[in-house]
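Chain by chain, the residues:
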Amino acid sequence: MQNISSRELHKQIQMHLESLRLSGVEWLENNNNSTLQISEGLAHKSPPVDGEAAVTNLPLPEKSSTHSVLHSLEKKTGLLQLLKEEVANCVKCPQLVQTRKNTVFGVGKIEPDICFVGEAPGSAEDEKGLPFVGEDGLLLDKILKACGLSRDEVYFLNIISCKPPDKRLPLPSEVSNCRGFLEKQLALVKPKVICCLGSCAAENLLDTKIPVNKLRGKFYDWKGIQVLCTYHPLSLLRTPEKKKEVWEDMKFLISHLGRVLPKLGS
Ligand code: SF4
């Protein structure tokens, strides 16, 4: 049997509790018929009884705020890995499960300024198991560079994690099946701003029928995170005239974040 240190055991229990909490589980039944309430990073016994500590002392004392931030990022990395494994084993959409080569989980920086949300993986993404690695990804790289950003400073994900066949749009049932994965991922990644790329991402995230051309130019709220909508890079490949509008949107976003655009040619 594998030896495990108490610190590692403690970490694994915390990750498991956090994973349950993010899945919507609020209470666990104990083997002595009492219940445990799961709150962020803690397990509370409920109801507390006289003379008994109300809180199970799971978190280790933090040494400093830097340590605390690293601990939080480390915990999120672990939880994202667990979620990625859950997505890789997901069989909720029968047609997609039959045709996909890989599931495509999000990738990038945790707690970034911007998280780009696209529609669904395409062929290149399905092949590599990574988001935005096709032609649209190359164009997005150019847009990022023009904004003074690199791939490892932002996060990318899609509304659904499996490639639909024949370049079709995700079905409402597929979007609904994958919604939990999307929401848990966004809750863990916690970007300052979500940038929806294209109508599919914008309409599904914001639960609206307003097309992306009408959503552009202002911020919306999604569970306390600001959302800006613009066109998908694939539509720029089909309609290059839209590049000007995307550039306007990106300048608006960069300035909103208090960042400065790099000088031309730098
Ligand atoms: S699209 Fe999402 S919900 Fe559907 S099979 Fe893939 S991972 Fe599961």
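That block above? That's the structure.
Throughout what follows, the structure given in this document is the object of discussion. Keep in mind it's a predicted model, so treat the numbers as computed, not measured.

### As for the pattern of salt bridges
Inference 1: A complete count under the given rule lists 12 salt bridges for this structure.
Inference 2: One salt bridge connects E174 with R168, and the closest N-O pair in it is separated by 2.7 Å.
Inference 3: Note that R179 and E183 form a salt bridge whose closest N and O atoms lie 2.8 Å from each other. With a gap of 4 residues between them, R179 and E183 both fall in helix 6 (residues 172-189), about one helical turn apart.
Inference 4: E183 sits in the partly exposed class, given a relative accessible area of 22%.
Inference 5: One network of salt bridges, with partners in common, ties together D113, E153, K192 and R259.

### Topic: the site of the ligand
Inference 1: Around the ligand, a shell composed of V87, C90, K92, C93, L96, R100, I160, S161, C162, N177 and C178 is seen.
Inference 2: Counting atoms within 2 Å of the grid points, the majority share of the ligand lands in the largest cavity.
Inference 3: Residues belonging to the shell around the ligand are distributed by class as follows: 7 nonpolar, 2 polar and 2 charged.

### Some points on the layout of surface pockets
Inference 1: Estimated volume of the largest pocket: approximately 650 Å³.
Inference 2: Along the walls of the largest pocket sit 28 residues, with E119, A120, G122, D136 and L234 positioned nearest its centre.
Inference 3: Among the elements of the structure, helix 4 (123-128), helix 5 (135-146), helix 7 (199-206) and helix 9 (233-238) are those that each provide at least two residues to the lining of the largest pocket.
Inference 4: Taken as a whole, the second largest pocket holds about 290 Å³ of empty space.
Inference 5: Residue lining of the second largest pocket: L169, P170, P172, V175, R179, S199, C200, E203, N204, D207, T208 and K209, and that is the complete set.
Inference 6: Looking at the lining of the second largest pocket, the elements with two or more residues in it are helix 6 and helix 7.
Inference 7: The biggest single contributor to the lining of the second largest pocket is helix 7, with 4 residues.
Inference 8: Considered class by class, the residues forming the lining of the second largest pocket number 5 nonpolar, 3 polar and 4 charged.

### What to know about the packing of helix 2 (residues 65-88) against helix 6
For any two helices packed against each other, one specifies the inter-axial angle together with the distance between the axes.
Inference 1: Relative to each other, helix 2 and helix 6 sit at 165°, their axes nearing to 10 Å. The pairing of helix 2 with helix 6 is recorded here as roughly antiparallel in orientation. The interaxial crossing formed by helix 2 with helix 6 has left-handed handedness. The residues of helix 6 that touch helix 2, namely those facing K76, L79, L80, L83, E86 and V87, are F181, K184, Q185, L188 and V189.
Inference 2: Here the contact of helix 2 with helix 6 is built from residues that sort into 7 nonpolar, 1 polar and 3 charged.

### Regarding helix 6
Inference 1: For helix 6, which comprises 18 residues, the first-to-last C-alpha distance of 24 Å matches the rise-based estimate of 26 Å (1.5 Å per residue) to within 8%.
Inference 2: At C178, helix 6 is bent by approximately 45°, the largest bend along its length.
Inference 3: Listed in full, the buried residues belonging to helix 6 are E174, V175, C178, F181, L182, K184, Q185, L186, L188 and V189.
Inference 4: Looking one or two places after helix 6, you find K190, whose phi comes out positive at around 45°.

### What about empty space enclosed by the protein?
Inference 1: As enumerated under the stated definition, the model contains 4 cavities of 30 Å³ or more in all.
Inference 2: Empty space within the largest cavity amounts to approximately 110 Å³.
Inference 3: What lines the largest cavity is a set of 15 residues, among which C90, C93, R100, C162 and C178 lie closest to the centre.
Inference 4: At the level of secondary structure, the elements contributing two or more residues to the lining of the largest cavity comprise helix 3 (94-99) and helix 6.
Inference 5: Element by element, the count of residues in the lining of the largest cavity is highest for helix 6, at 4 residues.
Inference 6: When the residues that make up the lining of the largest cavity are grouped by side-chain class, the tally is 10 nonpolar, 2 polar and 3 charged.

### Considering helix 5
Inference 1: Spanning 12 residues, helix 5 covers 17 Å between terminal C-alpha atoms, matching the ideal 16 Å at 1.5 Å per step.
Inference 2: Considered for burial, the residues of helix 5 that qualify are D136, G137, L139, L140, I143 and L144. Buried residues along helix 5 cover an arc of 160° about the axis, so they all sit on one side. Of the exposed residues in helix 5, those oriented more than 90 degrees away from the buried face are E135, L138, K142 and K145.
Inference 3: Those residues of helix 5 that are buried lie in contact with strand 6 (114-118), helix 4, strand 7 (155-158), strand 8 (193-197), helix 9 and helix 10 (243-256).

### Things to note about the environment of S173
Inference 1: Mapped onto the secondary structure, S173 falls in helix 6.
Inference 2: When the C-alpha positions of S173 and K92 are compared, they lie 9.6 Å apart, and in sequence the two are 81 residues distant.

Rules used throughout
- The residue count restarts for each chain, going from 1 along the sequence in the order it is written.
- Confidence filtering applies because this is a predicted model: local features only for residues at pLDDT of at least 70, side-chain atom pairs given and counted only at 80 or more, and all residues used for totals across whole chains, interfaces and linings.
- Values shown for side chains rest on all heavy atoms present in the structure; no hydrogens or waters enter the calculation.
- Just to be clear on terms, a salt bridge is a Lys or Arg side-chain nitrogen sitting within 4 Å of an Asp or Glu carboxyl oxygen.
- The helix and strand labels rest on DSSP assignments: H or I over at least four residues marks a helix, E over at least two residues marks a strand, and numbering proceeds from the N terminus.
- Remark: exposure states derive from per-residue accessible area (1.4 Å probe, protein chains only) relative to the maximum for the residue type, with buried under 20%, exposed over 50%, and partly exposed in between.
- Here, proximity means that at least one heavy atom of the residue falls within 4 Å of the molecule or strand.
- Cavities and pockets are found on a 1 Å grid laid over the protein atoms alone: a cavity is a set of points where a 1.4 Å probe fits but cannot escape, a pocket is an open set with protein on both sides within 12 Å along at least five of seven lines, and a lining residue has an atom within 4 Å of such a point.
- Cavity and pocket membership follows a simple rule, namely that a molecule belongs there if more than half of its atoms are within 2 Å of the grid points.
- Ten residues, namely Ala, Val, Leu, Ile, Met, Phe, Trp, Tyr, Cys and Pro, are considered nonpolar, four, namely Asp, Glu, Lys and Arg, are considered charged, and the remaining ones, Gly among them, are considered polar.
- Grid points are joined across faces, edges and corners, and a volume is the space filled by probe spheres set on the points.
- For helices, the fitted line uses only the C-alpha atoms of the stretch in contact; every axis is such a line through C-alpha atoms, and the angle between N-to-C directions lies from 0 to 180 degrees.
- By definition in this entry, angles of less than 35 degrees are roughly parallel, angles greater than 145 are roughly antiparallel, angles of 65 to 115 are roughly perpendicular, and the rest are oblique.
- What makes a crossing left-handed is the near helix being turned counterclockwise from the far one by less than a right angle; a clockwise turn instead makes it right-handed.
- Residues count as neighbours in contact if any of their non-hydrogen atoms are within 4.5 Å of one another.
- By this rule, a helix spans an expected 1.5 Å times one less than how many residues it contains.
- At every residue, the bend is computed as the angle between two fitted axes, covering the seven residues ending there and the seven beginning there respectively.
- Our arc is simply the arc of the directions from the helix axis toward the C-beta atoms.

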